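The residues making up each chain are set out below.
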Amino acid sequence: MNNDSLLSHRGEEPENGILYMVGTPIGNLNDISQRALNILKNVSLVACEDTRQTKKLMSRYQIKNHLISFNKDNSFKKIPKIIDYLKSGKSIAIVSDAGLPSICDPGEDLVTSAKFSGLNVICIPGPCAALTALVSSGMASSRFTFEGFLPKKAKERQKILLEISKSERTVVLYESPHRIKKLLKELKEYCGGEREIQIFRELTKKYEEHIGTNLDRMLDLIVDKEIIGEISIVIKGMEKKNDFEFSKIELKQELNELIDAGLSLSAASKYLAKKKNLNKGMIYNLF
Ligand code: SAM
């Protein structure tokens with residue numbers, strides 16, 4: 001397929017040798033396009049994260065098709081097979097459990113491989129929790145940062161938290177309900193209690209809930225609550241201000257790194273005070 005035919009590709013029926021990345025609902029099963037349903041019905045094969053989950057969607061729309069599993073644990077093995085299958089002229093749809101494949105879900109490596117092999121990839125757009133939360137937040141949305149799930153490793157996590165604290169753009173995050181309190185505490189530590197935040201729970205579902213306030217109040221609100229369901233978080237960008245507050249966060253980060261490297265608090269504070277020509281006591285008290 002050359003570029004001209006790619007541009008004119010707006011048909012409802014799948015074409016041979018094409019990899020379709022199909023968006024599916026993030027909760028409400030009505031949120032699926034007619035085009036997505038036609039593709040799921042008519043491709044040669046549907047590769048899905050969890051066949052049980054996709055079966056629910058397919059049976060809701062009385063679609064029968066061959067399903068195979070394609071998830072983070074088997075994608076390494078499955079990618080070459082899927083590429084061969086596409087090269088043999090068959091079409092495949094990739095779906096994740098919810099939302100757009102590749103967005104914090106398997107898909108990205110497969111698309112890279114397909115493109116590398118000269119195959120065409122078409123995304124059938126659909127819901128995405130991050131964008132649904134962002135639009136619902138009313139926060140600046142023309143330019144924003146999506147961080148997905150924060151890394152678990154302390155160093156990488158601190159680096160991203162620092163970036164979030166300094167970001168003037170709206171930031172969107174995913175988090176699981178049992179880790180949300182820890183994350184909010186960290187966000188408060190890095191961004192300060194005044195930073196505005198909105199939590200979106202169970203978007204598009206029956207018990208959809210939006211909670212918007214600042215980090216101080218958010219922590220008070222949820223401290224004794226059991227949080228369940230799917231959660232997306234939107235954090236307001238930092239108002240441009242106060243370079244000093246800013247450098248305090250960076251100083252604290254440097255202080256932590258020196259202490260992690262084995263210096264005592266006193267030695268690390270002394271070192272930084274000398275390096276930055278600042279008061280040692282002020283730095284010491286940041287810890
Ligand atoms: N591919 C999906 C997408 O396009 O949004 C995201 C998959 S990621 C593995 C799952 C995370 O997305 C959840 O842990 C949650 O943070 C967020 N999420 C998914 N569905 C949601 C919903 N209905 N409401 C709020 N957040 C949701």
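Residues numbered from 1 in each chain as written. Predicted model: local features only at pLDDT ≥ 70, side-chain atom pairs only at ≥ 80, totals over all residues. Heavy atoms only, no water.

S.K.: Help me get a handle on unusual backbone geometry, residues and values and all.
M.R.: Its identity as a non-glycine residue notwithstanding, Cys104 has a phi of 55 degrees, on the positive side. Relative to the helices and strands, Cys104 resides in the loop between strand 4 (92-95) and helix 5 (108-116). (Helix = DSSP H or I, 4+ residues; strand = E, 2+ residues; numbered from the N terminus.)

S.K.: Provide a residue-level description of the domain arrangement of the protein, including the pertinent values.
M.R.: Taken domain by domain, the protein holds domain 1 (3-127), domain 2 (130-235) and domain 3 (248-284). For domain 2 and domain 3, the distance between their C-alpha centroids amounts to 29 Å. Counting residues at the interface gives 8 residues for domain 2, matched by 5 residues for domain 3. For the pair domain 2 and domain 3, the two sides together bury roughly 600 Å², of which 49% comes from carbon and sulfur. Linking domain 2 with domain 3 are 1 salt bridge. Joining domain 2 to domain 3, the criterion identifies 2 residue pairs in polar contact (both at pLDDT 80 or more). Of all the secondary-structure elements, those providing two or more residues to the side of domain 2 that touches domain 3 are helix 7 (154-166) and helix 8 (180-191). Ranked by residues supplied to the side of domain 2 that touches domain 3, first place goes to helix 7 with 6 residues. (Domains from an automatic or database assignment. Contact = heavy atoms within 4.5 Å. Buried area = accessible area lost by both parts, 1.4 Å probe. Salt bridge = Lys/Arg side-chain N within 4 Å of Asp/Glu carboxyl O. Polar contact = N/O pair within 3.5 Å; in protein donor to acceptor, adjacent residues only side chain to side chain.)

S.K.: How would you summarise the sheet that holds strand 5 (residues 120-124) if you had to cite specific residues and measurements?
M.R.: Strand order in this open sheet of 5 strands is 3-2-4-1-5, and the pairing throughout is parallel. On the outer flanks of this sheet lie strand 3 (67-69) and strand 5, each paired with one strand and no other. Ignoring which end each strand starts from, the neighbouring axes of this sheet average 25 degrees apart. Of the pairings in the sheet, the one linking strand 2 (residues 45-48) to strand 3 comprises 3 bridges and is parallel in character. If you follow Cys48 over to strand 3, its bridge partner there is Ser69. Packed on one face of the sheet, helix 4 (residues 75-87) meets strand 1 (18-22), strand 2, strand 3 and strand 4 and runs near 145 degrees to strand 4. (Pairing = 2+ DSSP bridges. Axes fitted to C-alpha atoms, helices over the stretch in contact; angles between N-to-C directions.)

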